Amino acid sequence: MTSNLPKRGVGLPSESQELLLTAALGDADVALPAWNQWREQHELNDLDNDSRRLLPLIGYNFNQTGIKIPDAATISSLTRLGLVRNKLLFKSLGEVARLLGQHNIDVLFIKGVPVAIRDYPYPALRPMSDGDILIRAAQFNRAIEIFKEAGWMYASDDIPSEVHHAVPMKNTSHQELDVHRFALGECPYSKGDETLWRSAVTVPFEGITIQVPNPTDLLFLTCVNSVHSPLRWVLDAMILIRGNEIDWPRLIKHARHRKLALVTRSALNYIVEKYAAPIPPQVLKTLHSIPVSWLEKHEYESWEATDSQLARLLLRYAAYRRVQGSQHPIGFLNHLRRHGNLNSYHEIPLWLLRAATQRSHKSAE
């Protein structure tokens, strides 16, 4: 049987990371052998950051299944550290929600926070370094002003433009927050996010109530974000599916309307084949029946080559084409001009060259 999995690298964990995921998600009969195999090749003090964040859930899984390992004390210590860091981050995010609420700014928490507080057994099992919130487009600029007035600042030297899908910010306590104008960088238009707002649910958080996407919408966002996070998305997707009744027709509708069927089905195929995710076969069959354009296909493949200026340009063009009415080539030039905060089209070639040079320099470092 031919595998439906895309070639390794497009949002997929490495073979070593797959062992950690199996240890975190599997029953005792597969979790312990996977852990032992991983430990034969690695030391706990020599982990990349993404892999290190899996350890708390591995420890929890082993406790639940009665598995005893020599590394239990170390994992428990890392879990407590994650708990402290999450508490500090959540405190800042709670203050953000209160602040924006006082100014009648609508806030939708997306990505990690909703899954951590609602779907994980407890939040420390999902260590986080930042939070993500979605602001309605009409309120976005005002929200950024409120953040600055409260002491937050841009986390990057690059000045964001009106077409950036998110603005990274940080406060004096070094807590970080991505303020989203659009939920997905691949779909930079506010009308596409209206369905997220209309179907949002409320959950308690830091003594207040916040809005978060419903589990189906959150699963869709997780699948799309798989190309940006080759490890954490697997845990989030599995935990969402295991703990909720997913509205599969709604998820398919998202993938179809946003022209993101390829990345959605690739992510779901992976967790079915690797971790036996309980996804109805008809869902995958329907997703595979959705036509995929050449642009969507090349966009998906370009996520492997983001060091290439040509690939990044194609990614921007694919995102631009998802905006309603964005068909004319001049419109894309205008999009690039706005993205770079440029005064004229003539500045675009130099801006692209400068961006490529800066990126190459950072890679060399």
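Residues numbered from 1 in each chain as written. Predicted model: local features only at pLDDT ≥ 70, side-chain atom pairs only at ≥ 80, totals over all residues. Heavy atoms only, no water.

K.L.:
In this structure, what is going on with empty space enclosed by the protein? I would like to understand it.
P.N.:
Sizing a probe to match a water molecule and rolling it over the atoms shows the empty space that remains. Counted under the stated rule, the structure contains one cavity of 30 Å³ or more. What lines the largest cavity is simply Glu-186, Val-224, Val-227, Leu-260, Leu-262, Val-263, Glu-296, Glu-299, Tyr-300 and Trp-303. Elements represented by at least two residues in the lining of the largest cavity include exactly helix 12 (261-275) and helix 14 (294-302). Counting residues per element, the lining of the largest cavity draws most heavily on helix 14, which supplies three residues. (1 Å grid on protein atoms, 1.4 Å probe; cavity = no way out; pocket = protein on both sides within 12 Å on 5 of 7 lines; lining within 4 Å. Points joined across faces, edges and corners; volume = space filled by probe spheres on them. Helix = DSSP H or I, 4+ residues; strand = E, 2+ residues; numbered from the N terminus.)

K.L.:
Would you explain the environment of Ile-210 in this entry?
P.N.:
Following the sequence through the fold, Ile-210 ends up in strand 7 (residues 208-212). What makes Ile-210 buried here is its relative accessible area of 4%. A C-alpha to C-alpha distance of 7.3 Å links Ile-210 and Leu-108, two positions 102 residues apart in sequence. Not counting the four nearest positions on each side in its chain, Ile-210 is found in contact with Ala-97, Phe-109, Ile-117, Val-201, Thr-202, Val-203 and Phe-205. (Buried < 20%, exposed > 50% of the residue type's maximum accessible area, 1.4 Å probe, protein only. Contact = heavy atoms within 4.5 Å.)

K.L.:
Sorry if this is basic, but what is going on with the pairing of strand 1 (residues 107-110) here?
P.N.:
Put simply, side chains in a regular strand alternate between the two faces of the sheet. Residues Val-107 and Phe-109 of strand 1 are buried on one face, and the alternating residues Leu-108 and Ile-110, pointing to the opposite face, are buried as well. Strand direction decides the pairing type here: strand 1 and strand 2 (residues 130-135), joined by four bridges, are antiparallel. Looking across to strand 2, one finds that Phe-109 is bridged to Ile-133. (Pairing = 2+ DSSP bridges.)

K.L.:
Can you help me understand unusual backbone geometry in this one?
P.N.:
For residues besides glycine, phi is generally negative; the peptide bonds are generally trans as well. Phi is positive for Asn-104, close to 60°, though the residue is something other than glycine. One non-glycine residue with positive phi stands out, namely Ala-276, at about 55°. You can see Ala-276 is positioned in the loop between helix 12 and helix 13 (281-289). Judged by relative accessible area, which is 60%, Ala-276 ranks as exposed.

K.L.:
Explanation requested: the nonpolar core in the structure shown.
P.N.:
Grouped burial of nonpolar side chains is what soluble globular proteins tend to show. Grouped together as the largest cluster of nonpolar side chains are 71 residues, with contacts concentrated most on Trp-35 and Ile-271. Setting aside its immediate chain neighbours within four residues, Ile-271 contacts Trp-233, Val-234, Ala-237, Met-238, Ile-241, Ala-276, Ala-277 and Ile-279. In this structure, Ala-97, Leu-100, Phe-140 and Ile-144 belong to the second largest nonpolar core, which totals 28 residues. (Core = buried A, V, L, I, M, F, W, Y, C linked by side-chain atoms within 4.5 Å.)

K.L.:
How should I be thinking about the pairing of strand 6 (residues 201-205) in this particular structure?
P.N.:
One ladder, built from five bridges, connects strand 6 with strand 7; its direction is antiparallel. Among the inter-strand pairings, Pro-204 is bridged to a residue of strand 7, identified as Thr-209. The antiparallel hairpin formed by strand 6 and strand 7 contains two residues in its connecting segment, where Glu-206 sits at a positive phi of about 50°.

K.L.:
I would appreciate a short explanation of the packing of aromatic side chains in the present structure.
P.N.:
Aromatic ring pairs are reported here in terms of the distance separating the ring centres and the angle at which the planes meet. If you walk through the whole model with that rule in mind, you get nine aromatic pairs. Aromatic pair Phe-90 and Phe-205: ring centres 5.3 Å apart, planes at 65°, arrangement edge-to-face. Here Phe-205 lies in strand 6 and Phe-90 lies in helix 5 (residues 72-102), a separation of 115 residues in the sequence. Taking relative accessible area as the criterion, Phe-90 reaches 6% and is therefore assigned buried. (Phe/Tyr/Trp six-rings, centres within 6.5 Å; stacked < 30°, edge-to-face > 60°.)

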